[in-house]
Amino acid sequence: MPVESQALTLLRGERALRVRQVKEWGEILSGFEGRNRYEVVGDDGHPLFFAGEVGGGVGLFLLRSFLKAKRPFTMEIKDARGQTLLRLRRPWRFWLSRMEVEDGEGRHLGAIQQRFRFFTRAYDVLGPRDEELAQLSGPFFQPWTFHVQQQGREVGTIAKKWSGFGKEMFTDADNFGVQFNGLDDAHLRTLVVAATFLIDFVHFENKGG
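All of these numbers come straight from a predicted model, not from anything done at the bench.

About the thresholds
Residues numbered from 1 in each chain as written. Predicted model: local features only at pLDDT ≥ 70, side-chain atom pairs only at ≥ 80, totals over all residues. Heavy atoms only, no water. Helix = DSSP H or I, 4+ residues; strand = E, 2+ residues; numbered from the N terminus. Buried < 20%, exposed > 50% of the residue type's maximum accessible area, 1.4 Å probe, protein only. Phe/Tyr/Trp six-rings, centres within 6.5 Å; stacked < 30°, edge-to-face > 60°. Patch = residues over 30% accessible without salt bridge, like charges linked within 9 Å, V, L, I, M, F, W, Y side chains within 5 Å. Areas by Shrake-Rupley, 256 points an atom, 1.4 Å probe, with all protein chains shown as cover. Salt bridge = Lys/Arg side-chain N within 4 Å of Asp/Glu carboxyl O. Pairing = 2+ DSSP bridges.

Draft legend 1. Looking closely at the environment of G156. Tracing the backbone shows G156 in strand β11 (residues 153-160). For G156, a relative accessible area of 1% corresponds to the buried category. As a C-alpha pair, G156 and R189 span 33 residues in sequence and 9.2 Å in three-dimensional space.

Draft legend 2. Geometry of the packing of aromatic side chains. With the rule as written, the count across this model stands at 10 aromatic pairs. Centroid distance F73 to F201: 4.1 Å. Interplanar angle 20 degrees. Geometry classified as stacked. A residue pair is termed long-range when its members are at least 10 positions apart, and F73 in strand β4 (residues 73-78) and F201 in helix α3 (residues 186-204) qualify at 128 residues. Residues F73 and F201 agree in their burial class; the two are buried. Each residue in the set W95, F116, F118, F119, F140 and F141 is aromatic and connected to the rest through ring pairs, giving one cluster.

Draft legend 3. A nonpolar patch on the surface, seen in detail. A cluster of nonpolar side chains, contributed by W92, F94, W95, F116, F118, F119, F140 and F141, occupies part of the molecular surface with about 1,200 Å² of accessible area. Examined against the element boundaries, W92 turns out to sit in the loop between β5 (84-90) and β6 (98-103).

Draft legend 4. A look at the pairing of strand β9 (residues 132-139). Relative to β9, strand β8 (residues 120-126) runs antiparallel, the two being bridged by seven bridges. By the bridge assignment for β9, T120 is matched with P139. Counted between consecutive antiparallel strands, the loop separating β8 from β9 contains five residues, among which D130 sits at a positive phi close to 65 degrees. Judged from the three bridges that link them, β9 and strand β10 (residues 145-150) form a sheet pairing that is antiparallel. When the sheet's bridge partners are listed, L136 is paired in β10 with V148. Where β9 hands over to β10, the hairpin turn is made up of five residues, counted between the paired strands.

Next up, the structure:
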């Protein structure tokens, strides 16, 4: 990328992240009206980002009511000052979800594309020219875990109900952990974090009561 976004810069030094769905935020997030809102915490315990669906009112209520986990959405990821770092756009699709990822200035960073596989939940992580950068694979017998693979090598995981950092930090069903195991590319890290939100919508939305 010719100009590195602030989100990429913040993710360079992180070994792991925690993604926690929250219900209430402070003044910085008062513009978010959707239900799905998250806090992303670094491995030192400090918040890095806040994320939430944008838009609201009757339209969002109807989309949630009738399309549920299949609903289209736009999500913004902000820093502690309220600056938009990333924008995630999921158009409506009947089958095989896709999410476009751009930085706060509208530059296209890549996409997450769901793929059909027997007995495996699979996604491709695509770059700005739709080139394949990595794959996400959720084995049938590991329903809570997605493995991040690059050139046949596992470089990270996205796990539901993850505990780490030396102690159990979050225990409810709306939490994820993202680990980077040798994945040093900040651009790809950003797309993997974005994929976490799509995975939550597709596989876990409205499934935990």
